[in-house]
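Now for the letters of each chain:
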Amino acid sequence: LTSGGGGGGGGGGGLAPAVLEELQDITVGIKGCRLVAADAPAVAQAIRASGKAPADAMGVQCFLDEAGSEFSPLLILIPPDYPSAPPVACFQMLTYNKMVKEAQGFLKISLEMMTAPYSIGRLIKDWSSAITSVLARNTLTNGMNGLVPVS
């Protein structure tokens, strides 16, 4: 977990050692995943916008190499009682468009089905899968435009 800069608090400094270890394992185990401690203003804004995360949640930004800039970073809020309480995915840092909205819908369904103990790694894998699905569907749809069926 690297520092996002921008002035203390809200980053990785207050996370439990087990959570920090999990985050390190994620960056090793999920190809192309970078996790950066979110700065305090971004975390505070995300907490207010989410309506779900506790005021003392910590924030991590997730960057996926496979994702276009419209999908990164995903801000993940980690409550102090994680993994008994779920992490919260925040989308306000993303460029909002049809593909992001579709990927967000896939992730919301996945998060609704997740049970304790919760997993940040699973959230990130599900986000990556949602992006892959949306990009593949978009490529297929756009790639088919202009093709004429062979008779």
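Conventions and cut-offs
Residues numbered from 1 in each chain as written. Predicted model: local features only at pLDDT ≥ 70, side-chain atom pairs only at ≥ 80, totals over all residues. Heavy atoms only, no water. Salt bridge = Lys/Arg side-chain N within 4 Å of Asp/Glu carboxyl O. Helix = DSSP H or I, 4+ residues; strand = E, 2+ residues; numbered from the N terminus. Buried < 20%, exposed > 50% of the residue type's maximum accessible area, 1.4 Å probe, protein only. Expected span 1.5 Å × (residues − 1). Arc of directions from axis to C-beta. Pairing = 2+ DSSP bridges. Axes fitted to C-alpha atoms, helices over the stretch in contact; angles between N-to-C directions. Core = buried A, V, L, I, M, F, W, Y, C linked by side-chain atoms within 4.5 Å. Contact = heavy atoms within 4.5 Å.

Considering the pattern of salt bridges
- What the rule picks out here adds up to two salt bridges.
- Two residues, Arg-137 and Glu-102, come together in a salt bridge whose shortest N-O distance is 2.9 Å. With Arg-137 in helix α4 (residues 120-144) and Glu-102 in helix α3 (residues 98-113), this pair connects stretches of sequence that are 35 residues apart.
- Looking at Arg-137, the relative accessible area reads 44%, which means it is partly exposed.
- Of the charged contacts in the structure, one is a salt bridge between Arg-122 and Asp-126, with a shortest N-O distance of 3.4 Å. Here Arg-122 and its partner Asp-126 are both found in helix α4, four residues apart, which amounts to about one turn of the helix.

Regarding helix α1 (residues 17-29)
- The end-to-end C-alpha separation of α1 is 18 Å, in line with the 18 Å expected for 13 residues at 1.5 Å each.
- Taken residue by residue, α1 has Val-19, Leu-23 and Ile-26 as its buried positions. Looking straight down α1, one finds its buried side chains confined to an arc of 55°; they lie on one side. Within α1, the exposed residues directed more than 90 degrees away from the buried face are Pro-17, Ala-18, Glu-21, Val-28 and Gly-29.

Some remarks on the sheet that holds strand β2 (residues 58-64)
- Taken together, four strands build an open sheet; the order of strands is β1-β2-β3-β4 and the sheet is antiparallel. Two strands bound the open sheet, and with one partner strand each, they are β1 (33-37) and β4 (88-90). Adjacent strand axes in the sheet meet at a mean angle of 30°, parallel and antiparallel pairs treated alike.
- In this sheet, β4 lies alongside strand β3 (residues 74-78) in antiparallel orientation, the contact comprising three bridges. Each residue of the ladder has a partner; that of Leu-77, found in β4, is Val-88.

Focus: the nonpolar core
- Leu-23, Phe-71, Leu-74, Ile-78, Ile-120, Ile-124 and Trp-127 are the most contacted members of the largest nonpolar core, which totals 33 residues.
- Those elements that provide at least two residues to this core are α1, β1, β2, β3, α3 and α4.
- No other element matches α4, which puts seven residues into this core.
- The contact partners of Leu-74, leaving out residues within four places of it in the chain, are Val-60, Gln-61, Cys-62, Ala-89, Cys-90, Phe-91, Leu-94, Leu-107, Leu-123 and Trp-127.
- Grouped together as the second largest cluster of nonpolar side chains are ten residues, Ala-38, Val-43, Leu-75 and Val-88 included.

Thoughts on the pairing of β1
- Among the five residues in β1, four count as buried, and that is most of the element.
- Taken together, the five bridges between β1 and β2 define a ladder with antiparallel strand orientation. Across the sheet, residue Ala-37 finds its bridge partner in β2, namely Val-60.

Section: the pairing of β2
- Of all seven residues making up β2, seven are buried, and the element is well covered by its neighbours.
- In β2, alternate side chains face the same way, and those of Met-58, Val-60, Cys-62 and Leu-64 on one face and Gly-59, Gln-61 and Phe-63 on the other are all buried.

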